[in-house]
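# Inside the fold
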Amino acid sequence: MIKTNVMRILEKEKIDFESFEYPHGKEAVDGVTVARLLSQDPKTVFKTLVTTDGKKDYYVFVIPVERELDLKKAAKSVGVKSLEMIPVKEIQKVTGYVRGGCSPVGMKKVYETRFHESASECEAISVSAGKIGYQVRLSPNVLATLVGAGFSNLCKD
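Residues numbered from 1 in each chain as written. Predicted model: local features only at pLDDT ≥ 70, side-chain atom pairs only at ≥ 80, totals over all residues. Heavy atoms only, no water.

## Some points on the pairing of strand S5 (residues 112–116)
- When you tally the buried positions in S5, you get 4 out of 5 residues, the bulk of the element.
- Sheet analysis places strand S3 (residues 58–64) next to S5, joined by 4 bridges and oriented parallel. By the bridge assignment for S5, Val 62 is matched with Phe 115.
- The pairing of S5 with strand S8 (residues 150–152) spans 3 bridges and is classified as parallel. Paired with His 116 across the two strands is Ser 152, which belongs to S8. (Buried < 20%, exposed > 50% of the residue type's maximum accessible area, 1.4 Å probe, protein only. Helix = DSSP H or I, 4+ residues; strand = E, 2+ residues; numbered from the N terminus. Pairing = 2+ DSSP bridges.)

Okay, structure coming up:
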């Protein structure tokens, strides 16, 4: 298995994690498929989404793969009027990651980040390791502390 920058950061910070590799092509696969490929409960596999307030400020939201981000709840959680998803073509420029390999750890800049509140109820969650085909699994509270994230209700009901 290769070692990604996310794994290097976690090791440097002396954070316990497990790493997983799953089969993939050139394109990203959806998170529910990733959970199935890794034999993990989709409620514990999280995707990283990046939004903007339209004023060039970016916000990161980490939610379960089978749920959908509620942009109104997300905006409220970071104290802005409204948010929209950034265009796919901007993901790499903003985060340093490609679509499907976006991790809350090790982005180009530190952005305000929120995890869905359900993460705090999990012993461990999986997020992208920064490259399509790779995931890391670790304590959500340790991960949230590392990236300076809070927990909020972020998903559509």
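So that's the structure; there's more coming.
## Details of helix H1 (residues 5–12)
- Residues of H1 that are buried include every one of Val 6, Met 7 and Leu 10, and no others. The buried residues of H1 occupy one face: seen down the axis, they fall within an arc of 100°. Exposed and facing more than 90 degrees away from the buried side of H1 are Asn 5 and Lys 12.
- Buried residues along H1 sit in contact with strand S1 (18–21), strand S6 (125–128), strand S7 (134–138) and helix H5 (140–147).
- In the stretch just after H1, Lys 14 is the one whose phi turns positive, near 55°. (Arc of directions from axis to C-beta. Contact = heavy atoms within 4.5 Å.)

## Topic: the nonpolar core
- Ranked by internal contacts, the top residues of the largest apolar core, which has 30 residues, are Val 50, Met 107, Phe 115, Ile 125, Val 127, Val 136 and Leu 143.
- When residues of this core are traced back to their parent elements, those giving at least two are H1, strand S2 (46–52), S3, helix H4 (91–95), S6, S7 and H5.
- Once residues lying within four places of it in the same chain are set aside, the contact partners of Leu 143 are Pro 104, Val 105, Phe 115, Ile 125, Val 127 and Leu 138.
- Leu 69, Ala 74, Val 78 and Cys 155 belong to the second largest nonpolar core, which has 11 residues in total. (Core = buried A, V, L, I, M, F, W, Y, C linked by side-chain atoms within 4.5 Å.)

## Notes on a positive patch on the surface
- Side chains of Lys 56, Lys 89, Lys 93, Lys 108 and Lys 109 sit close together on the surface and give a patch of like positive charge.
- With respect to the helices and strands, Lys 109 occurs in the loop between H4 and S5. (Patch = residues over 30% accessible without salt bridge, like charges linked within 9 Å, V, L, I, M, F, W, Y side chains within 5 Å. Areas by Shrake-Rupley, 256 points an atom, 1.4 Å probe, with all protein chains shown as cover. Salt bridge = Lys/Arg side-chain N within 4 Å of Asp/Glu carboxyl O. Lys, Arg positive; Asp, Glu negative; His and termini not counted. Charge placed at Lys NZ, Arg CZ, Asp CG, Glu CD.)

## Thoughts on the environment of Glu 90
- Positionally, Glu 90 belongs in the loop between strand S4 (84–85) and H4.
- Linking Glu 90 and Val 50, residues 40 residues apart in sequence, is a C-alpha distance of 9.8 Å.

## Digging into the pattern of salt bridges
- Summed over all chains, the structure comprises 6 salt bridges.
- Across the pair Glu 11 and Lys 3 runs a salt bridge whose closest N-O atoms are separated by 2.9 Å.
- Among the residues examined, Glu 11 registers a relative accessible area of 38% and is labelled partly exposed.
- What makes Lys 3 partly exposed here is its relative accessible area of 41%.

## So, the sheet that holds S6
- With antiparallel pairing, the 3 strands of this open sheet are ordered in space as S1-S7-S6. Of all the strands in the sheet, the pair left with one neighbour each is S1 and S6. On average, adjacent strands in this sheet sit at an angle of 30° to one another, irrespective of strand direction.
- Looking at chain direction, S6 and S7 are connected through 4 bridges and run antiparallel. Looking at S7, one finds that Val 127 is bridged to Val 136.
- Where H1 meets the sheet, its contacts fall on S1, S6 and S7, and the angle it forms with S7 comes to roughly 25°. (Axes fitted to C-alpha atoms, helices over the stretch in contact; angles between N-to-C directions.)

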